[in-house]
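Spelled out from the first residue to the last, the chains are:
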Amino acid sequence: MGPLRSVVLAGGGTGGHIYPLLAFADALRRHFPDIRITTLGSPKGMENTLIPAAGYDLRVIPAFQLPRSLNLDLLRTPDRMYKSAAAAAEIIDEVRAEVVVGFGGYVSVPAYLAAWRKEMPIVIHEVNVPPGVANRMGMKFTKRVAVGFPHQLEQAEALRNARLVGVPLRTAITGMDRPALRPQALYHFGLRPDLPVLFVSGGSSGARTINLAVAAAAKRLAHAGIQVLHVQGGRNDPFEVPNDLPVPYVVVPYLSDMQLGYAAADLMLCRGGAITVAETTALGMPAVYVPYPFSNQEQRRNALPVVESGGGLLVDNSELTPDWIEHNIIPLARDRQRLAAMGTAAAGYGRRDGDEQLLRFVLEAVS
Ligand SMILES: CC(=O)N[C@H]1[C@@H](OP(=O)(O)OP(=O)(O)OC[C@H]2O[C@@H](n3ccc(=O)[nH]c3=O)[C@H](O)[C@@H]2O)O[C@H](CO)[C@@H](O)[C@@H]1O
């Protein structure tokens, strides 16, 4: 087949839907330098900052509310859905897209609907169990569904016949040499090279419980000689960290260059968002996972296979206290051998070629 000339990528809401879209867009551009890439987003999602910052064309289409349960009537009736789908259809026509690839989030639904009406190829990329509501709706229009992780095939009936491609990850992350980047990353954050670094991130929007528990353990961590690099996360209130600590505790609101955080870190403390898990494992980063306790336990499902393979620890949100941190994280962060073994196990679960594998799947769809 010839080169792809124009694609529409749909996905929005939080980072978990947007970063894989961007990583896939980068892969498209690598293979087809002249390709036209158009992304569809909703008015309020993080796509409004992340996609233009990455240099891609973002078209915002009208928002609509999607119910938590699936109902096909919804697609026939409400005006707002029609309006959104009509806007998506107009853009698909304008750019003469050959395929729509959706990553989930409400904005994907009008894109799927518009593409289905035009009888165009549709490809869905899904990273969670159970699959998100937008992608579940999209699955009524296409059988071309790709997933990020092996457990999804076993645990979700709707994904049983999906193609396992992995998660498209940014090459700034998958392509980095962690030890080589470490000195620069430590310098960037004002961290010392002689003490371990705990990297704390609650995902793209941050996590209040994690923020408060780690901040409350700041003194104990510092006196044990553990430095902290703490990403607060966009949607979270600031928290207090004592300013007389003997070792650095660096708080940053959000990291656009997430690879610098990974490069500086010896151990990660994080939620279990699918893209976070894909990144920590791709990098062989030992991690303590604190899954978000709601959303159908999807984050526990993401983290469990890594933990079972020895690549990290799992702790319930309600159990993450300063005492737990003192008794579990402090000894781990100081144990280089254990960290190295965990990192090796995590790397055994991780993969770095999700972008290329998804591209292969999309090319099959258009051929
Ligand atoms: C509470 C909730 O429902 N979370 C969901 C959401 O998580 P969320 O949107 O937090 O997404 P993930 O944890 O999967 O990924 C976060 C992404 O943001 C990046 N990042 C994060 C912080 C930062 O400062 N800079 C930065 O670049 C990470 O490198 C990663 O690429 O989407 C995921 C993927 O659908 C789901 O599995 C999660 O369950």
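Going along each chain's sequence as written, the residues are numbered from 1 onward. Local features are withheld for residues below a pLDDT of 70 in this predicted model, meaning they are given only at 70 or higher, and side-chain atom pairs are given and counted only at 80 or more; totals for whole chains, interfaces and linings count all residues. Calculated side-chain values reflect all of the structure's heavy atoms, with hydrogen atoms and water omitted.

### Points about the pattern of salt bridges
Working step 1: We define a salt bridge as a contact between a side-chain nitrogen of Lys or Arg and a carboxyl oxygen of Asp or Glu at a distance within 4 Å. Tallied over the entire structure, the rule returns 17 salt bridges.
Working step 2: Here Arg5 ties to Glu98 by a salt bridge, and the two come within 3.5 Å at their closest N and O atoms. You can see Arg5 sitting in the segment before strand E1 (6-10) and its partner Glu98 sitting in the loop between helix H4 (79-95) and strand E4 (99-102), a full 93 residues away along the chain.
Working step 3: The cut-offs for exposure are 20% and 50% of the maximum accessible area for each residue type, with area from a 1.4 Å probe on protein chains only; residues under the lower value are buried, those over the upper are exposed, and the others partly exposed. According to the relative accessible area criterion, Glu98 is partly exposed, its value standing at 21%.
Working step 4: Its salt-bridge partner being Asp57, residue Arg59 comes within 3.3 Å of it at the nearest N-O pair.
Working step 5: A single network of salt bridges, built from pairs that share partners, joins Arg36, Asp57, Arg59 and Glu94. Each helix is a run of H or I in the DSSP string that is no shorter than four residues. Each strand is a run of E no shorter than two, and both are numbered from the N terminus.

### Brief notes about the packing of H4 against helix H5 (residues 108-117)
Working step 1: Where H4 contacts H5, the two axes come as close as 8 Å, and the packing angle between them is 65°. Taken as a pair, H4 and H5 cross one another with a handedness that is right-handed. Contacts between H4 and H5 involve Met81, Tyr82, Ser84, Ala85, Ala88, Ala89 and Ile92 from the first element and Val109, Pro110, Ala111, Leu113, Ala114, Ala115 and Arg117 from the second.
Working step 2: Taken together, the residues of the contact of H4 with H5 break down into 12 nonpolar, 1 polar and 1 charged. Between N-to-C directions, angles cover 0 to 180 degrees, with each direction set by a line fitted to C-alpha atoms, over the stretch in contact for helices. The hand of a helix crossing depends on one turn: near helix anticlockwise from the far one by less than a right angle means left-handed, and clockwise means right-handed. A contact between two residues is defined here by any heavy atoms of the two lying within 4.5 Å. Put simply, Ala, Val, Leu, Ile, Met, Phe, Trp, Tyr, Cys and Pro go in the nonpolar bin, Asp, Glu, Lys and Arg in the charged bin, and everything else, Gly too, in the polar bin.

### Re the sheet that holds strand E9 (residues 227-231)
Working step 1: If you walk across this open sheet you meet the 6 strands as E10-E9-E8-E11-E12-E13, and the pairing is parallel. Sheet topology places strand E10 (249-252) and strand E13 (312-314) at the edges, where each strand pairs with a single neighbour. Across the sheet, the axes of successive neighbouring strands diverge by a mean angle of 15°, strand direction being ignored.
Working step 2: At least two bridges found by DSSP between two strands are what make those strands a pair. Pairing of strand E11 (residues 267-270) with strand E12 (residues 287-289), which is carried by 3 bridges, proceeds in the parallel orientation. Looking across to E12, one finds that Cys270 is bridged to Tyr289.
Working step 3: Lying over the sheet, helix H13 (residues 274-283) contacts E11 and E12, oriented at roughly 160° with respect to E12.

### Looking at the nonpolar core
Working step 1: Ranked by size, the top nonpolar core spans 37 residues in total, and within it Phe189, Leu191, Phe199, Leu229, Tyr262 and Met268 carry the most contacts.
Working step 2: It is H13 that contributes the most residues to this core, 6 residues altogether.
Working step 3: The start and end points of each domain follow an automatic or database-based domain assignment. If you count residues domain by domain, this core takes at least three from each of domain 1 (6-169 + 352-366) and domain 2 (176-349).
Working step 4: Here, nonpolar core refers to any group of buried Ala, Val, Leu, Ile, Met, Phe, Trp, Tyr and Cys residues whose side-chain atoms link them within 4.5 Å. Counting 35 residues, the second largest nonpolar core, distinct from the first, contains Ile91, Val100, Tyr112 and Ala162.

### Things to note about the domain arrangement of the protein chain
Working step 1: Annotation of the protein chain at the domain level lists domain 1 (6-169 + 352-366) and domain 2 (176-349).
Working step 2: Between the C-alpha centres of domain 1 and domain 2 there is a distance of 30 Å.
Working step 3: If you look at the interface, domain 1 gives 19 residues, while domain 2 gives 17 residues.
Working step 4: Defined in terms of a 1.4 Å probe, buried area is the accessible area two parts forfeit on being brought together, summed over both. In total, about 1,500 Å² of surface goes out of reach between domain 1 and domain 2, with carbon and sulfur atoms giving 60% of it.
Working step 5: Of all residues in domain 1, the largest losses of buried area upon contact with domain 2 belong to Phe149, Leu169 and Arg352, amounting jointly to 30% of the total for that side.
Working step 6: The tally of links from domain 1 across to domain 2 stands at 0 salt bridges.
Working step 7: Only helix H1 (15-31) and helix H7 (150-155) provide two or more residues apiece to the side of domain 1 that touches domain 2.
Working step 8: The element contributing the most residues to the side of domain 1 that touches domain 2 is H1, with 4 residues.
Working step 9: A class-by-class count of the residues in the side of domain 1 that touches domain 2 yields 11 nonpolar, 7 polar and 1 charged.

### Some thoughts on empty space enclosed by the protein
Working step 1: Grid points spaced at 1 Å over the protein atoms alone were grouped into cavities, where a 1.4 Å probe fits but cannot get out, and pockets, open sets with protein on both sides within 12 Å along at least five of seven lines, with lining residues defined by an atom within 4 Å of a point. Grid points are joined across faces, edges and corners, and a volume is the space filled by probe spheres set on the points. Following the criterion strictly, the structure yields 1 cavity of 30 Å³ or more and no others.
Working step 2: Its boundaries defined by the atoms lining it, the largest cavity holds a volume of some 50 Å³.
Working step 3: Looking at the largest cavity, the residues that line it are Gly16, His17, Pro20, Phe103, His125, Glu126, Val127, Asn128 and Asn135.
Working step 4: Secondary-structure elements contributing two or more residues to the lining of the largest cavity are H1 and strand E5 (122-126).
Working step 5: Residue contributions to the lining of the largest cavity peak at 3 residues, all from H1.

### Quick notes on helix H14 (residues 298-308)
Working step 1: Those residues of H14 that fall on the buried side of the exposure criterion are Glu298, Gln299, Asn302, Ala303, Pro305 and Val306. Relative to the axis of H14, the buried residues are bounded by an arc of 150° and lie together on one face.
Working step 2: Next to the buried residues of H14 lie H7, H13, E12, E13 and helix H16 (336-349).
Working step 3: Positive phi appears at Gly310, one or two residues downstream of H14, with a value of about 95°. This arc is built from the directions going out from the helix axis to the C-beta atoms.

### So, the pairing of strand E2 (residues 36-41)
Every other side chain in a regular strand lies on the same face of the sheet, so the side chains alternate between the two faces.
Working step 1: Most of E2 is tucked away: 5 of the 6 residues are buried.
Working step 2: Across 5 bridges, the pairing between E1 and E2 is parallel. Within E2, the position partnered with Val7 by the bridge is Ile37.
Working step 3: Here a crossover is taken to be right-handed if, once the strands point away from the viewer, the path from the first strand over the helix to the second is traced clockwise. Handedness of the crossover joining E1 and E2 through H1: right-handed.
Working step 4: Alignment of E2 against strand E3 (residues 57-60), held across 4 bridges, turns out to be parallel. Directly across from Gly41, in E3, lies its bridge partner Val60.
Working step 5: Chirality of the crossover, the property in question, places the unit of E2, helix H2 (residues 47-53) and E3 among those that are right-handed.

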